[in-house]
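# Architecture at a glance
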Amino acid sequence: MIAQPHPLVQRLDTLWVEPGLTFGHDRRLLTVFPLRGEAHGALRYAPLDAALAAGTLEIREADPPSVNLLHVVNRGDLPVLITDGEELVGGRQNRVTNSTTLSPRGRTALPVSCVERGRWRPDAAGFAAHEAAYPALRQAKVMQVRDSLRVAGIHRADQAEVWASIAARQADHAVASDTEALRDLYDGRRERLDDYARALPAPRDVVGLIVAYGGRIAALEVFDAPATLGRLWPKLVRAAALDALALPPAAAVARDRACGCCTARGRRRSSSSRRPGSVWTCG
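Calculation criteria
Residues numbered from 1 in each chain as written. Predicted model: local features only at pLDDT ≥ 70, side-chain atom pairs only at ≥ 80, totals over all residues. Heavy atoms only, no water. Helix = DSSP H or I, 4+ residues; strand = E, 2+ residues; numbered from the N terminus. Expected span 1.5 Å × (residues − 1). Bend = angle between axes of the 7 residues up to and from the residue. Buried < 20%, exposed > 50% of the residue type's maximum accessible area, 1.4 Å probe, protein only. Pairing = 2+ DSSP bridges. Axes fitted to C-alpha atoms, helices over the stretch in contact; angles between N-to-C directions. Contact = heavy atoms within 4.5 Å.

In this section: helix α7 (residues 226-244). Between the first and last C-alpha of α7 there are 25 Å, a value that for 19 residues agrees with the 27 Å anticipated at 1.5 Å per step. At Leu232, α7 shows its largest bend, some 45 degrees, and a proline, Pro234, comes one to four positions later. With respect to burial, α7 is a largely interior element, 14 of its 19 residues being buried.

Here you go:
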């Protein structure tokens, strides 16, 4: 029997890379490579921010409260997409999600990590969506969750490592926070991060992006439909910019190519061909 390719590999093989878009402050450059392709599947769901705004979704502390677990109550007719690395502010302390979840109608558990080490007291009854975890934190957290699933079958990150990463980033950016909150880090660099988001807007009809800085690819994001990515694009760019701004000046990736450690699967096609080509992979 011939082994079938992983679904993610199959999906990537339908995408092609657009020319990179680059912006930077103080020679700290961030390059975004849009991924174009057809929408995938016909699954209907509500985005997290829309469900929260409509009041059909509520995120609460668990009962009894737990650092690494929240409860989601979905009263809507559609499942709600909650992506990995979403920052949720409120409750007894701010959290980020540990995996991507499609939350069905009813009450479900949501594995999370704390991103506000210095607070364990109620700030709000529920939670609101804020930013997305920066790529370096997400990468480390994904590896930790993978190991946790293999060993214990649970979506658990290394909480001490998460706190250490945030503390290091706050030091990189010279941002102080009384509660060591990730939110304060983003708010402290808001003007600069918004500059990146404005300079690198989402192109129309793209379903993914590659972000690169410091001579390497830092993240790959792929979604089923352009509308989903369009809602998340600004916070994904701001999250990547937070990492890029912590690099030494002139750490950059060339505008129209991937980093030196990466090779193309086949040949990258121009956007004018409008045919699925290949994606850059990091070796």
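Bringing the sheet that holds strand β8 (residues 86-90) into the picture now. Read across the sheet, 6 strands follow the order β5-β6-β11-β9-β8-β12 without closing on themselves; strand pairing throughout is antiparallel. Across the chains shown, the open sheet's two edge strands, defined by having one partner strand only, are β5 (57-66) and β12 (127-132). Averaged over all neighbouring strand pairs, the angle between strand axes comes to 40 degrees, with direction disregarded. As judged from the 6 bridges shared by β5 and strand β6 (residues 69-74), these two strands associate in the antiparallel manner. Its bridge partner lying in β6, Ser66 is registered against Leu69. In this fold α7 packs onto β8 and β12, with an angle of close to 55 degrees to the strand it touches most, β12.

Note that all results are geometric; they support no functional claim without further evidence.
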